[in-house]
Amino acid sequence: ARRRWRWRWRLRLRLRLRLPSVRYRTVICRLPLHTCSLFAVDVVPPGALALMTLPKLSAAAESPRTLVFVVSCEHAGKRIPTAYRHLFVGQGALLASHRGYDRGALTMARYLSAGLAAPLVCSTVSRLLIDLNRSLHHRQVFSGMSRAASAEQQLEIITRHYLPYRARLESWVRAACNRDAMVVHVSSHSFTPILNGLKREADIGLLFDPKRRGEARLCRAWQAQLAQQAPALRVRRNYPYEGANDGLTRYLRQRFAEDAYIGIELEINQSLVMAGGPRWPALRQTLVRTLGYACAEAFHSVANATPHPQESPDAASRRFQHAVHPPANHGDDFQPEYSLVPGFGRDRA
């Protein structure tokens, strides 16, 4: 009966499938449902599906200067799977704090994914269970609560939550690199305005490896565009953390060449998120628009990506997206889907 239910569930997904067939090839994940408890479906907007999509690049992507965007969010939520909730009894306030998740990072990641027509890989499991942005040898990969778990449970956490996330994101990057495309990976994060009694003196942080010229060039151009279009924002590079420190982007830099992979961590001050009002949506729009300008400035050989002198930022951003991701003709009501790690549904325990 369970097997029949699973196949009916997959059939319903196939019937509801509405992803564009021109630019994406969609694959239904066949992993057993009980092994897929990390990535919550509720991070997807209504009507979207949690499916694995592999890039099916067009002929234009054969150029080595074609840009392909990937967006990730490692600290998107504060959820603890049922099997490990006994480790976090009485820790609700801690899970809801900046130590449990990055407030506003998922919203920003969704906006980047939609604006850049890029796949979004994210996890809503709390970083206090396991930090996906740390190497396994790092002393903070497990929090004090998860270190109290048995060795078998820690191994289970790694194999069910940590390794699949990294492997899926790496597969996206590798698929694009195999087509000689340049991947721009934006990892969405946020930081608490005050840490250990010290106030952070920035609104936006752009983290990168200074030894990688493409990353340094893109972050300089992005900072310059933000200074021009949003001069009130305090934008700093490699602040409040060093971009070359241990993290997911560093892991991917060790696996892909400098001219094939660009990894940027976007850090947003949580005070801007919590302030509410129109400023937070305006900031999201500004970040996406200025990233388009920065890529056009940093990588001149992308066809038609350079802004015209008399062109508005919105028009340049739209033309830049056409140059990097030529849109398929799906009608005026077409909306891009969000692409997540496949098949990872709600915790079923």
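This text follows the structure it describes.
Keep in mind the model is a prediction, meaning the values are calculated, not measured.

The rules behind these values
Residues numbered from 1 in each chain as written. Predicted model: local features only at pLDDT ≥ 70, side-chain atom pairs only at ≥ 80, totals over all residues. Heavy atoms only, no water. Salt bridge = Lys/Arg side-chain N within 4 Å of Asp/Glu carboxyl O. Helix = DSSP H or I, 4+ residues; strand = E, 2+ residues; numbered from the N terminus. Core = buried A, V, L, I, M, F, W, Y, C linked by side-chain atoms within 4.5 Å. Buried < 20%, exposed > 50% of the residue type's maximum accessible area, 1.4 Å probe, protein only. Contact = heavy atoms within 4.5 Å. Axes fitted to C-alpha atoms, helices over the stretch in contact; angles between N-to-C directions. Parallel < 35°, antiparallel > 145°, perpendicular 65-115°, else oblique. Left-handed = near helix turned anticlockwise from the far one by under 90°. Nonpolar A, V, L, I, M, F, W, Y, C, P; charged D, E, K, R; others polar. Phe/Tyr/Trp six-rings, centres within 6.5 Å; stacked < 30°, edge-to-face > 60°. Lys NZ or Arg CZ within 6 Å of the ring centre and 35° of its normal.

J.: Would you mind going over the pattern of salt bridges in detail, with residue names and values included?
T.: The full count for this structure, using the stated rule, is 10 salt bridges. Notably, a salt bridge pairs R255 with E170, separated by 4.0 Å at the nearest N-O pair. Note that R255 is positioned in the loop between α6 (248-253) and β10 (261-269) and E170 in helix α4 (residues 151-177), a separation of 85 residues in sequence. Measuring nitrogen to oxygen at the nearest pair gives 2.9 Å for the salt bridge that ties R253 to E215. Taken together, the residues R253 in helix α6 and E215 in helix α5 (residues 213-229) connect sequence positions 38 residues apart.

J.: Now, about the nonpolar core: what can you tell me, with residues and values included?
T.: Core analysis: the biggest nonpolar cluster contains 44 residues, and L218, L266 and I268 have the highest contact counts within it. At 8 residues, helix α8 (residues 279-298) tops the list of elements feeding residues into this core. In this structure I268 touches M108, H189, S190, F191, D203, I204, V273, W280, L283 and L287, once residues within four positions along its chain are discounted. Among the nonpolar cores identified, the runner-up in size contains 35 residues, and I80, V125, L128 and L132 belong to it.

J.: Could you give an account of the packing of α5 against α8, naming the residues involved and the relevant values?
T.: Running from amino to carboxyl end, α5 crosses α8 at an angle of 130°, the nearest separation of the two axes being 8 Å. One way to sum up the angle between α5 and α8 is to call them oblique. Seen from above, α5 lies across α8 with right-handed handedness. Of the residues in α8, those touching α5 at R217, L218, A221, W222, Q225, L226 and Q229 are T286, L287, R289, T290, L291, Y293, A294, C295, E297 and A298. Looking at the contact of α5 with α8 residue by residue, the classes come out as 10 nonpolar, 4 polar and 3 charged.

J.: Break down the packing of aromatic side chains for me, citing the residues and quoting the values.
T.: Tallied over the entire structure, the rule returns 1 aromatic pair. Ring centres 6.2 Å apart and planes at 35° place the aromatic pair F256 and Y261 in the tilted group. The ring of Y251 carries R166 above its face, with NZ or CZ at 4.9 Å from the centroid. Positioned over the ring face of Y239 is R236, at 3.8 Å from the centre of the ring.

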